[in-house]
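An overview of the molecular structure
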Amino acid sequence: MADVALDRDILQRIARYRRRRKARLLFLIAPVMLETVALAILPIVWSQVHGGPFFMGLQPGTRADWALWSIFMALTVLPLGFLLMAWTEKVPVAPGPAAGIDPYRDAAASLSIAAGVPAPDVVSLAVPTVNALAFSRSGKWSIGITEAALAAGLTDQQVEALTAHEAAHLLLREGLSVPDRRARSLVTLMFTVLIIGPFLLASFMFGFSWYLGLACLAWTLLYLSWALPAGRRLRRNDDVLADTVASRLTCNPAALRETIELLEDLYTSEPAPFPPGAAYPDYLFISRAQVDRRLANLAAIEREGGGGGAISGATLP
Ligand SMILES: [Zn+2]
């Protein structure tokens, strides 16, 4: 087996980061889990206190109660269904063969040997900016290089630096993640059951009253208005840490710094028109954020000499 360029220290940092990402995901679904658990033990507490059965039986209530309960529950399901329909982010993979992609494939293959992992797929993206992207489609992680980058005539070192940065994202298990239709439907269904299920249970216990329907709607809207933006923030890539890992893989932080400077210039001088609502621009090699911090981090690594780097790429959620 070839020498793995990543030492214990950086491997531990990668493992720590991956654990932290999982913890962030748990943090996002924690309120729904707490809701489910709290409302699930309610019948047990109720039966202990009142010495009666778990279920009080169907209490139909008045006609108006029923109608309002049904309307509120329908209004609760509506945004969840809408979210499923809107959740259709597509990675803009270019059709047909990609001229000039071989140097990137070679770089990805040798970097993967250095990292001790299988080589990822490298594909070209139909995006009009000199850029790159790490993404996962149906659970398969790949690197995308934009057609503009393939045509930009980057030097071998720049190709290696760009590929190493994206390969580092794959090691960190981050990037644009696009689950297939089945997975999307399953997640939505699970959430719907977890959010609405406890309120249904409570309705069976205490009767189908309008206030339970309204409580379910209010809780769902409150949770979604917090979790959707928080999820988008928490899922963002850590480009600083990816740069640090990439420098360890290539032992060439200077080339990565030059590549960032060059592509940042191109990015700001020729703004690319991205489709409205698309999430992928946030995941590009040069996106809208972090460039100054990345350059400072790489300069520090260069000063120390080699692919080290003391600045942690950690970003607080
Ligand atoms: Zn990145």
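Residues numbered from 1 in each chain as written. Predicted model: local features only at pLDDT ≥ 70, side-chain atom pairs only at ≥ 80, totals over all residues.

1. Observations concerning the overall build of the protein
Looking only at helices and strands, the protein has ten helices and four strands in total. Reading the protein from its N terminus to its C terminus gives the helix and strand order α-α-α-β-β-β-α-α-β-α-α-α-α-α. Computed over C-alpha atoms, the radius of gyration of the protein comes to 25 Å, more than 25% over the 20 Å expected from 2.2 N^0.38 for 317 residues, which places it beyond the range of a compact globule. Principal-axis analysis of the C-alpha atoms gives the protein an extent of 75 × 40 × 35 Å. Sorting the 317 residues of the protein into buried and exposed places 31% on the buried side. Counting contacts in the protein only where the partners sit at least 6 residues apart, residues at least 24 apart contribute 76% of the total. (Helix = DSSP H or I, 4+ residues; strand = E, 2+ residues; numbered from the N terminus. Rg over C-alpha atoms; globule rule 2.2 N^0.38 Å. Buried ≥ 20, exposed ≤ 12 C-beta atoms within 10 Å, placed from the backbone. Contact = placed C-beta atoms within 7 Å.)

2. Some remarks on helix H3 (residues 102-115)
For H3, built from 14 residues, the straight-helix expectation of 20 Å at 1.5 Å per residue is met to within 8% by its first-to-last C-alpha distance of 20 Å. Looking only at H3, the buried set comprises Tyr-104, Ala-107, Ala-108, Leu-111 and Ala-115. Along the long axis of H3, the arc covered by the buried residues comes to 100 degrees, so they all point the same way. Lining the buried residues of H3 we find strand E1 (121-125), strand E3 (140-146), helix H5 (156-171) and helix H8 (239-250). Looking one or two residues past H3, Gly-116 carries a phi angle of roughly 75 degrees, positive in sign. (Expected span 1.5 Å × (residues − 1). Arc of directions from axis to C-beta.)

3. Focus: the pairing of strand E2 (residues 132-137)
Relative to E3, E2 runs antiparallel, the two sharing six bridges. Pairing of Arg-137 across the sheet is with Lys-140, part of E3. Linking E2 to E3, which pair antiparallel, is a turn of two residues; within it Ser-138 sits at a positive phi near 50 degrees. Alignment of E2 against strand E4 (residues 176-178), held across three bridges, turns out to be parallel. Paired with Arg-137 across the two strands is Val-178, which belongs to E4. (Pairing = 2+ DSSP bridges.)

4. Some remarks on the sheet that holds E1
Strand order in this open sheet of four strands is E1-E3-E2-E4, and the pairing throughout is mixed. Where the open sheet ends on each side, the last strands, each with one partner, are E1 and E4. Neighbour to neighbour, the strand axes of the sheet diverge by 35 degrees on average, direction disregarded. Strands in contact with H5 are E2 and E3; relative to E2, the strand with the most contacts, it is inclined by about 30 degrees. (Axes fitted to C-alpha atoms, helices over the stretch in contact; angles between N-to-C directions.)

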